[in-house]
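# Fold and geometry: a report
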Amino acid sequence: MKKLIGKGCLLAIISVGLMAGIVYMSTMPVFSSLIATLTNSEAYASKLNASEEVITYINKAGEPDASTKLIVGDSVCNSLFGELQEINPEYKILCCNKGITMAGQYILTKEYLDTHEGVTDVYLIVISNSLITGFDTDFGYQYAVVPFVRTGKLSYLDEETIQEMKDLYFAPFLDERVIDMVEASPLIKKMYLNVEKEWKPTILTLSFPDVTVRYIKKMHELCQERGVKMHFISPPLAESDERKEVEAVLKEEYEKSELYELFPDFYENYIYYPADLFPDGIHPNVDRSFKNEMIRSMEANMEEVWDLRLE
């Protein structure tokens, strides 16, 4: 019996050691693709570079130039404004995605204000889908944790936020050395993300998470401290009964929040266009001239004429 138990323990040790060896080898470029194929992890290879998009935006925010105005926002903002950077050197256009949360928008804003002088305006342009997105186990790790840590900007966030991230993503996975291993291996990425989703599934609700309210307030306070005017605007939305029902609920929630005191007109200035212009229900799929028309409609709801060049 003792021999049987001993053999069983030895087999277990060998199995664990073998698994640990495979996991370690999966971080090596020479073995990474092969092990990903053998473990059916190829789909996670593309996720290894997901953070690069956000890292690029954070780095651009800190690049000194002659711009004095900043546009930040989500992917809808990017679809409207991303193409306009070249003809608007007085603007820095850094529209990213909803996965960075409002904490990420704050990081972009702070990095820009810290590295630019004479800034006059900051424009935060997001749809409500982004406002109800907090740290989650769908996009948060690759679009928030990894880029914030790798650019050294996690320190821009308050302790409450960092603790929230540690609780959700497991504290060791906010360590840059661990991140380097996760980001080097499709196998590790697969195991980690699946464990996260299983243990801490994201439940999206029609409410504004603390990270949204807290960091829009921080953006506003930061702008006030620097003598910068902050604008909070929604891009156009696809008109549908479902969308309007959702927005009505969110408007009620918004009016109860501290954000309403700062930006009371956010939900009053919504602009709707026919739903068939938004194939995915979110992003407008129209030509540049129509996008320009949408931007001018947004401008009509602002307090002053927008000097953004469109052509």
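Higher on the page you've got the structure.
Residues numbered from 1 in each chain as written. Predicted model: local features only at pLDDT ≥ 70, side-chain atom pairs only at ≥ 80, totals over all residues. Heavy atoms only, no water.

The next point concerns the side chain of Ser234. Secondary-structure assignment places Ser234 in the loop between β4 (229–233) and β5 (237–239). For Ser234, a relative accessible area of 5% puts it in the buried group. If we ignore the near neighbours within four places in the chain, the residues touching Ser234 are Val126, Ile127, Phe266, Tyr270 and Met298. (Helix = DSSP H or I, 4+ residues; strand = E, 2+ residues; numbered from the N terminus. Buried < 20%, exposed > 50% of the residue type's maximum accessible area, 1.4 Å probe, protein only. Contact = heavy atoms within 4.5 Å.)

Another point: the state of the cysteines. Applying the stated criterion to the full structure yields 1 disulfide. The residue that forms a disulfide with Cys77 is Cys95, at a sulfur-sulfur distance of 2.3 Å. Taken as a pair, Cys77 in helix α4 (residues 75–81) and Cys95 in strand β2 (residues 91–95) lie far apart in primary sequence, 18 residues in all. Comparing Cys77 with Cys95 shows no difference in burial state: the two are buried. Free of any disulfide, Cys96 has its nearest cysteine sulfur in Cys95, 9.0 Å distant. Looking at Cys96, the relative accessible area reads 3%, which means it is buried. (Disulfide = S-S within 2.5 Å.)

Counting buried positions along strand β3 (residues 121–125) gives 5 out of 5 residues, so the element sits mostly inside the fold. With burial as the criterion, each face of β3 is covered, one bearing Asp121, Tyr123 and Ile125 and the other bearing Val122 and Leu124. Both strand β1 (residues 69–73) and β3 contribute to a ladder of 5 bridges, which runs parallel. Residue pairing for β3: Leu70 is matched across the bridge by Val122. Pairing of β3 with β4 involves 5 bridges; the strand directions are parallel. Its bridge partner being in β4, Ile125 is matched across the sheet by Ile233. (Pairing = 2+ DSSP bridges.)

Attention now moves to the packing of aromatic side chains. Taken as a whole and assessed by the stated rule, the structure comprises 20 aromatic pairs. Note on Phe139 and Tyr143: the rings are 6.2 Å apart at their centroids and 35° apart in plane angle, and the pair reads as tilted. Looking at Phe139, the relative accessible area reads 36%, which means it is partly exposed. Geometrically, the ring pair formed by Phe170 and Trp199 is edge-to-face, given 6.0 Å between the ring centres and 80° between the ring planes. Note that Phe170 is positioned in the loop between α8 (159–169) and α9 (176–184) and Trp199 in helix α10 (residues 186–199), a separation of 29 residues in sequence. The class of Phe170 is partly exposed, set by a relative accessible area of 21%. An aromatic cluster is defined as three or more aromatic residues linked by ring pairs; in this entry it consists of Phe208, Phe232, Tyr254, Tyr260, Phe263, Phe266, Tyr267, Tyr270 and Tyr272. Taking the ring centre of Tyr156 as reference, the NZ or CZ of Lys110 above it sits at 5.0 Å. (Phe/Tyr/Trp six-rings, centres within 6.5 Å; stacked < 30°, edge-to-face > 60°. Lys NZ or Arg CZ within 6 Å of the ring centre and 35° of its normal.)

In this section: unusual backbone geometry. Even without a glycine there, the phi angle at Thr101 is positive, about 65°. Tracing the backbone through its elements, the reader meets Thr101 in helix α5 (residues 101–115). For Phe170, which is not glycine, the phi torsion reads 75° and is therefore positive.

Let's shift gears to the pattern of salt bridges. In this structure the tally under the stated criterion is 21 salt bridges. Two residues, Lys244 and Glu239, come together in a salt bridge whose shortest N-O distance is 2.7 Å. The partly exposed category is assigned to Lys244, whose relative accessible area is 35%. A relative accessible area of 38% means that Glu239 is categorised as partly exposed. Residues joined by salt bridges that share partners form a network here, namely Asp158, Glu160, Glu164, Arg214 and Lys218. (Salt bridge = Lys/Arg side-chain N within 4 Å of Asp/Glu carboxyl O.)

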